[in-house]
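The chain contents come next:
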Amino acid sequence: MADRRRRHAELRRRGLEAAVPGGRLEGVQGAERRDIPHAGSVDEFCSSSSEEFRFCGRLGPMRPCFLSEPRATAMEIPRQTDALSGRSHSSNAAIEQLRQGLRGEMVLPTDAAYNQARVVWNGAIDKRPAAIVFCADPDDVVRAVTYARSQGSLVAVRSGGHNVAGLSVCDDGVVIDLSRMKKIVVDPERRIARAEAGLNLGEFDAATQAHGLATTMGINSDTGIAGLTLGGGFGKLGRKHGLSCDNLIAAEIVTADGRLLRTSAGEHPDLFWALRGGGGNFGIVTAFEYRLHPLGPALLVGSVLHAYDQAREAMRFYDKFSRDAPDELSVDAALVTLPSGDRAFSISACYVGSPEAGEPVIAPLMKFGSPIESRLQAVPYLQIQSAVDSLFPRGRRYYWKAQFLREIGDGAVEALLDSYAKAPTRSSLLVFQQVGGAIARVPVPHSPYANRDAALDCFPIAIWDDPADDEANIRWARELWNAVRPFSTGGVYANNLGDEGEERVRDAYGENYARLAAIKKQYDPTNFFRLNQNIRPG
């Protein structure tokens, strides 16, 4: 234990976080430490001197965040299913020893907090783990991994729990939860942030925007930075600055054998390569270091809404406008249902630069057709990042199925409009998320994320509340996906995969799959971490 603590201390010394009691930072000129409390507390940032910082005030209720999650695969390894249900005397002793050694908290099925602790974002997921370990630091993660391995327990890793397939929680096994690990250090001079894995992107963005900085970080403030980054990481800044994983410069990870490692281009470089898009296959990342970019505080956003009888021409316009857009412009779109029940086509463009420079770039969008609504204004970046939160609240039931497109041809337009007209609820969407730009200029072998040539991620999102409607909503999303399949690239974004099988995982990684499998064999030969978009050890 003493050796492990010394290793942890060395990692902290070599990284950006160099805090001592009282919050004082040493060795990081101008850096700011922010410790975000876990559920129930809320904060806003303030400083007491140029070197010493604390939280005070409110940010909004903290919610759990998440790591990359996914699907089980049968392997010849110790049985990882119900080892904790009907525990023997020896396993009872082991679980009590784990509980006593934690700085964090363990929740068991007999505890009053259990039913709330097992809940994840997607209300369609209802799983009952044998134990949930809320880790306070990397040593807790090491303890939890060591315990689960010794008991042959199935392990799910959770930071935000946003994975649509619910693979951050499991029946009968151990959930290792990082959502209370929320320290972040921002070094504004070096433009680097070190962030623990429990942060969600809203918390991360607030900390970096306090210094006029940001990096690519999703589109929903409730999303965890860990799963987002490990699977790639789309966002409004992606076309200008690359994916979240393209901006990752180091990570700290607990491997299947219980080691705590620092990875970067110069330290365990193969493992670092695998973490930049390869998902949660290789261990539990406890902290990330990101490259930051000057941004904001406000960006120009133009949005238009076209009636459904104009959607055909509007979609064709969107296809060309988005493909011709400069890197600074991110243009997303969606087929939506209005409160009246009428269908419509929405387009939203965000210019990553000065609002003045963005006006002539967005102007063609604002002038096209006869939209029933339009708006052009400078919006604070933090507000942009939380703009769609109300569409995806925790607890509703969700299902989606995604694929990449290079363009929206006439056949795809007809298939999309015909299929969306059959959407079973007013909440359901058909989403286009634009990629390309800087993302496309990164060579495919540079990181596991392989679908660099895609222009758009296209996916139906079914959203509903009544379990009796599960079949109808899932069937609609799958039928829409099938209708568009002939026009897709065949690729898929790992973070938008559900429980879709090994071939679709291979579609996410393409030519990089074999290298990922070899690295998996080196660091996790028994496939201990397999509740994810699983890559089998090669």
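Along every chain, residues carry numbers that run from 1 in the direction the sequence is written. Local features in a predicted model are, by the rule used here, given only for residues with pLDDT of at least 70; side-chain atom pairs are given and counted only at 80 or more, and totals for whole chains, interfaces and linings are based on all residues. The basis for every side-chain value is the complete set of heavy atoms in the structure, and neither hydrogens nor water enter the calculation.

Caption draft 1: Examining the overall build of the chain more closely. Labels follow the DSSP assignment, with helices taken as runs of H or I lasting at least four residues and strands as runs of E lasting at least two, numbered in each case from the N terminus. Helix and strand counts for the chain come out as 15 helices and 24 strands. When accessible area is computed with a 1.4 Å probe and restricted to protein chains, residues below 20% of their type maximum are described as buried, those above 50% as exposed, and intermediate ones as partly exposed. The burial tally for the chain puts 59% of its 538 residues in the buried class. What makes two residues a contact is simply this: any of their non-hydrogen atoms within 4.5 Å. Put simply, of all contacts in the chain between residues at least 6 apart along the chain, 73% involve residues at least 24 apart. A 1.4 Å probe and the Shrake-Rupley method give the accessible areas. Residues count as covered only by the protein chains that appear here. In the form shown here, the chain has an accessible surface area of approximately 20,300 Å², with 49% of it arising from carbon and sulfur atoms.

Caption draft 2: Highlighting the nonpolar core. Throughout this description, the term nonpolar core refers to a set of buried Ala, Val, Leu, Ile, Met, Phe, Trp, Tyr and Cys residues connected via side-chain atoms within 4.5 Å. Core analysis: the largest hydrophobic core is formed by 93 residues, its most contacted members being Ile176, Phe204, Ile225, Phe282 and Phe288. Sorting elements by how many residues they give to this core places helix H4 (residues 138-151) first, with six residues. Core analysis: the next-biggest nonpolar cluster, separate from the first, contains 39 residues, Ala325, Leu329, Phe345 and Cys458 among them.

Caption draft 3: Here's a closer look at the environment of Ala508. Position of Ala508 among the secondary structure elements: in helix H14 (residues 502-509). Residue Ala508 is classed as buried on the basis of its relative accessible area, which comes to 3%. On a C-alpha basis, the gap between Ala508 and Val492 in space is 4.9 Å, while along the polypeptide they are 16 residues apart. In contact with Ala508, not counting residues within four places along its chain, are Pro448, Ala450, Asn451, Val492, Ala494 and Leu497.

Caption draft 4: Expanded view of the sheet that holds strand E7 (residues 131-134). Each pair of strands is called paired provided DSSP finds at least two bridges between the two strands. Read across the sheet, four strands follow the order E6-E7-E9-E8 without closing on themselves; strand pairing throughout is mixed. Each having just a single partner strand, strand E6 (105-107) and strand E8 (155-158) make up the two edges of the open sheet. Strand-to-strand twist of the sheet, defined as the mean angle between neighbouring strand axes without regard to direction, takes the value 20 degrees. The sheet contact formed by E8 and strand E9 (residues 174-177) spans four bridges and is parallel. For helices, the axis comes from a line fit to the C-alpha atoms of the stretch in contact; other axes are also lines fit to C-alpha atoms, and the angle between any two N-to-C directions lies between 0 and 180 degrees.

Caption draft 5: Up close: the packing of helix H12 (residues 410-420) against helix H13 (residues 470-484). Where H12 meets H13, the axes come as close as 9 Å, and the angle between the chain directions of the two elements is 165 degrees. Viewed along their axes, H12 and H13 adopt a mutual orientation that is roughly antiparallel. For the element pair H12 and H13, the recorded crossing hand is right-handed. Between H12 and H13, the residues in contact are Ala415, Leu416, Ser419 and Tyr420 and Trp476, Leu480, Ala483 and Val484, respectively. Here the nonpolar group is Ala, Val, Leu, Ile, Met, Phe, Trp, Tyr, Cys and Pro; Asp, Glu, Lys and Arg are the charged ones; every other residue, Gly included, is treated as polar. Looking at side-chain class alone, the contact of H12 with H13 contains seven nonpolar, one polar and no charged residues. Throughout, the term roughly parallel applies to angles under 35 degrees, roughly antiparallel to angles over 145, roughly perpendicular to angles from 65 to 115, and oblique to all others. By convention the crossing between two helices is left-handed if the near helix lies anticlockwise of the far one by an angle smaller than a right angle, and right-handed if it lies clockwise.

Caption draft 6: Geometry of the pattern of salt bridges. We define a salt bridge as a contact between a side-chain nitrogen of Lys or Arg and a carboxyl oxygen of Asp or Glu at a distance within 4 Å. All chains considered together, the criterion is met by 34 salt bridges. With a closest N to O distance of 3.5 Å, Lys422 and Asp418 form a salt bridge. You can call Asp418 partly exposed: its relative accessible area is 46%. For Asp524, the salt bridge goes to Lys520, with nearest N and O atoms at 2.8 Å. Accessibility classification places Asp524 together with Lys520 in one group, the buried group.

Caption draft 7: Broad picture of the confidence of the model for the chain. A residue's pLDDT is the predictor's confidence in that residue, given on a scale from 0 to 100. Scored by pLDDT, the chain comes out at a mean of 87, with 83% of its residues at no less than 70. Of the regions scoring below 50 in pLDDT, residues 11-90 engages in 233 contacts with residues more than four places distant in sequence or in other chains.

Caption draft 8: Just the pairing of strand E10 (residues 183-187), in detail. Within E10, four of the five residues are buried, leaving the element largely enclosed by the surrounding structure. Pairing between E10 and strand E11 (residues 192-196): four bridges, direction antiparallel. Residue Val185 lies in a different strand from E11, and its bridge partner there is Arg194.

Caption draft 9: Structural view of the packing of aromatic side chains. Think of it this way: a Phe, Tyr or Trp ring, Trp meaning its six-membered ring, pairs with another when their centres are within 6.5 Å, and the plane angle makes it stacked under 30 degrees, edge-to-face over 60, tilted otherwise. In this structure the tally under the stated criterion is 17 aromatic pairs. Look at Phe204 and Tyr290: their rings are 5.2 Å apart centre to centre, the planes differ by 75 degrees, and that puts the pair in the edge-to-face class. With Phe204 in helix H5 (residues 201-209) and Tyr290 in strand E15 (residues 284-291), this residue pair connects regions lying 86 residues apart in the sequence. Looking at Tyr290, the relative accessible area reads 0%, which means it is buried.

Caption draft 10: Spatial organisation of H13. To estimate the expected span of a helix, subtract one from its residue number and multiply by 1.5 Å. Under the 1.5 Å per step criterion, the end-to-end length of H13 is 22 Å for 15 residues, consistent within 8% with the ideal 21 Å. What H13 keeps buried is the set Asn473, Trp476, Ala477, Leu480, Trp481 and Val484. For H13, the angular spread of buried residues about the axis comes to 130 degrees, placing them on one side. Summarising the contacts, the buried residues of H13 are in contact with strand E21 (397-400), strand E22 (403-405), H12, strand E23 (429-434), strand E24 (456-464) and H14. This arc corresponds to the set of directions leading from the helix axis out to the C-beta atoms.

Caption draft 11: Representation of the pairing of strand E18 (residues 329-337). In terms of residue burial, E18 counts as a mostly covered element, since nine of its nine residues are buried. Alternating residues of E18 divide into Leu329, Val331, Ala333, Leu335 and Thr337 and Ser330, Asp332, Ala334 and Val336, and every residue in both groups is buried. Bridge analysis of E18 against strand E19 (residues 343-351) gives nine bridges, and the strand direction is antiparallel. The residue bridging Val331 from the neighbouring strand is Ala349, located in E19. Taking the residues that link successive antiparallel strands as the turn, the E18-E19 hairpin has five residues, and the phi of Gly341 there is positive, at about 95 degrees. By the bridge criterion, three bridges tie E18 to E23 in an arrangement that is antiparallel. Note on E23: the bridge partner recorded for Ala334 is Val431.

Caption draft 12: Structural detail: H5. Burial of H5 is extensive: eight of the nine residues sit out of reach of the surface. Residues of H5 that are buried include every one of Leu201, Glu203, Phe204, Asp205, Ala206, Ala207, Thr208 and Gln209, and no others.

Caption draft 13: Region of interest: the side chain of Asn163. Within the secondary structure layout, Asn163 lies in the loop between E8 and E9. For Asn163, a relative accessible area of 8% gives the class buried.

Caption draft 14: Looking closely at the environment of Ile176. Structurally, the position occupied by Ile176 is in strand E9. Along the chain, Ile176 and Val141 lie 35 residues apart, while their C-alpha atoms are 7.2 Å from each other. Among all residues touching Ile176, those that are not within four sequence positions of it are Val133, Cys135, Ala144, Val145, Val155, Ala156, Val157, Arg158 and Ile284.

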